[in-house]
Amino acid sequence: MKILVVGGAGYIGSHMVKMLSKAGHHVVTLDNLSTGYRDAVKYGEFVEGDIADSDILNQVFSSTPFDGVMHFASYIEVGESVVNPGKYFRNNFSNTLNLLDAMVRHAVKHFIFSSTAAIFGEPEYVPIDESHPKKPINPYGLSKLMVEQALESYEIAHGLQSVCLRYFNAAGADIDGELGERHVPETHLIPLILQAASGRRESISVFGNDYPTTDGSCVRDYIHIVDLCSAHLLALTKLVKGSGSKRYNLGNGNGFSVIQVIDVVKQVSAKNFKIVETNRRAGDPATLVADSALAQSELGWTPVYDDLAVIVEHAWKWEKNYFCK
Ligand code: UDP
């Protein structure tokens with residue numbers, strides 16, 4: 001297949017580009033490098049540009065008859081979205097419409113969208129399946145849900161078919177150690193704990209100790225980046241073969257508390273470090289765990305790296321080799 005990966009220079013996008021290329025697909029990355037890295041795009045063609053720019057989109061779509069588009073280019077910080085919602089609605093929603101309009105102009109019919117567990121808001125039950133009510137509690141989650149909803153109208157009007165994949169907590173790194181997570185600023189739990197383990201930060205903060213969980217800290221479902229990417233490849237392959245539009249939740253179905261994740265990092269790294277208990281972070285639900293049975297049965301998707309110690313091991317290898325050499 002010929003695939004346009006928008007946001008292919010970011011954490012998830014760069015792993016996706018590698019997987020697609022290794023599987024023999026022709027890949028073009030479009031990325032404005034606002035948060036991604038040119039050197040993370042190690043395979044395929046690269047075009048620097050913004051999806052807000054219709055001229056660039058016309059050039060890219062004219063250059064290659066794409067079978068499908070995978071869209072990873074979005075802002076992802078919940079806290080920032082609360083204080084600067086315009087940034088999130090403009091890029092994550094409005095600019096995505098610009099991309100969809102370009103697809104319509106160029107008759108590209110298959111779209112894989114990076115969605116998020118944040119579209120569900122405060123869980124009414126766990127594990128969260130696809131029919132769980134969608135009531136986002138921050139502009140980030142809302143911006144993603146708005147795209148999911150707009151896609152239904154684009155399908156009716158233009159026949160554009162889509163698969164929306166709602167990620168729980170993406171983690172881990174490329175098995176070969178070639179790629180990994182590089183967010184600035186880093187806000188995600190596992191890379192922050194690894195920074196404490198490697199000595200790049202003094203301590204790790206545990207945000208809240210009074211949640212209704214076994215140890216009082218928040219519980220999340222961590223999914224290996226490679227498993228996440230394999231679900232995208234299966235989804236696009238099926239979509240191109242005519243499976244029709246779908247929505248899937250992607251996680252391992254196992255919840256780990258912040259304290260449990262810290263313990264796993266200590267075991268894997270054999271390092272000790274300071275833990276500081278602080279206040280809750282605004283907008284954090286107590287427990288987010290995915291029910292991914294639908295993705296497993298319909299896509300034939302099976303997570304391979306579903307052991308948290310393995311996820312942490314791969315991320316630890318990246319932390320040591322990339323940041324600490
Ligand atoms: N967290 C924490 N300390 C940190 C960063 C995160 O205790 O320094 C907690 C956070 O409150 C959440 C969990 O770790 O309960 C996962 O947070 P992350 O930002 O990695 O992902 P999110 O669940 O927000 O997508």
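First, a word on scope: everything that follows refers to the structure included in this document. Bear in mind that the values here come from a model prediction, so they are computed numbers and not experimental data.

Residue Val126 is joined to Pro127 through a cis peptide bond whose omega torsion reads -5°. Along the chain, Pro127 falls in the loop between strand 5 (110–116) and helix 5 (139–158). Look at Ala107: it is not a glycine, yet its phi comes out positive at around 55°. Take Ala107: it is sitting in the loop between helix 4 (85–105) and strand 5.

Another aspect to go through is the sheet that holds strand 4 (residues 68–71). Read across the sheet, 7 strands follow the order 3-2-1-4-5-6-11 without closing on themselves; strand pairing throughout is parallel. Edge positions in the sheet fall to strand 3 (45–48) and strand 11 (246–250), since each has one partner strand and no second. Looking at each pair of strands side by side, their axes are set apart by 20° on average, direction ignored. Inspection of the sheet shows strand 6 (residues 161–167) paired to strand 11 by 5 bridges, in the parallel sense. In the strand pairing of strand 11, Cys164 is matched with Arg247.

Turning our attention to the packing of helix 8 (residues 258–269) against helix 10 (residues 308–323). Closest axis-to-axis distance for the helix 8/helix 10 pair is 9 Å, and the angle between their directions is 60°. Taken together, the axes of helix 8 and helix 10 are oblique relative to one another. The crossing of helix 8 and helix 10 is right-handed. Note on element contacts: helix 10 touches helix 8 through Leu308, Ala309, Val312, Glu313 and Trp316, opposite Val261, Val264, Val265, Val268 and Ser269. Grouping the amino acids of the contact of helix 8 with helix 10 by side-chain chemistry returns 8 nonpolar, 1 polar and 1 charged.

Turning our attention to the packing of aromatic side chains. The relation between two aromatic rings is expressed through the spacing of the ring centres and the mutual angle of the planes. Throughout the structure, instances matching the rule amount to 7 aromatic pairs. Summarising the aromatic geometry, the rings of Phe61 and Phe66 are spaced 5.8 Å apart at their centres and angled 85° between planes, so their arrangement reads as edge-to-face. An identical accessibility class is assigned to Phe61 and Phe66; each is buried. Here the aromatic rings of Tyr88 and Tyr140 are separated by 6.4 Å at their centres, their planes lie at 90°, and the arrangement is edge-to-face.

What counts and what doesn't
- Residues numbered from 1 in each chain as written.
- Predicted model: local features only at pLDDT ≥ 70, side-chain atom pairs only at ≥ 80, totals over all residues.
- Heavy atoms only, no water.
- Helix = DSSP H or I, 4+ residues; strand = E, 2+ residues; numbered from the N terminus.
- Pairing = 2+ DSSP bridges.
- Axes fitted to C-alpha atoms, helices over the stretch in contact; angles between N-to-C directions.
- Parallel < 35°, antiparallel > 145°, perpendicular 65-115°, else oblique.
- Left-handed = near helix turned anticlockwise from the far one by under 90°.
- Contact = heavy atoms within 4.5 Å.
- Nonpolar A, V, L, I, M, F, W, Y, C, P; charged D, E, K, R; others polar.
- Phe/Tyr/Trp six-rings, centres within 6.5 Å; stacked < 30°, edge-to-face > 60°.
- Buried < 20%, exposed > 50% of the residue type's maximum accessible area, 1.4 Å probe, protein only.

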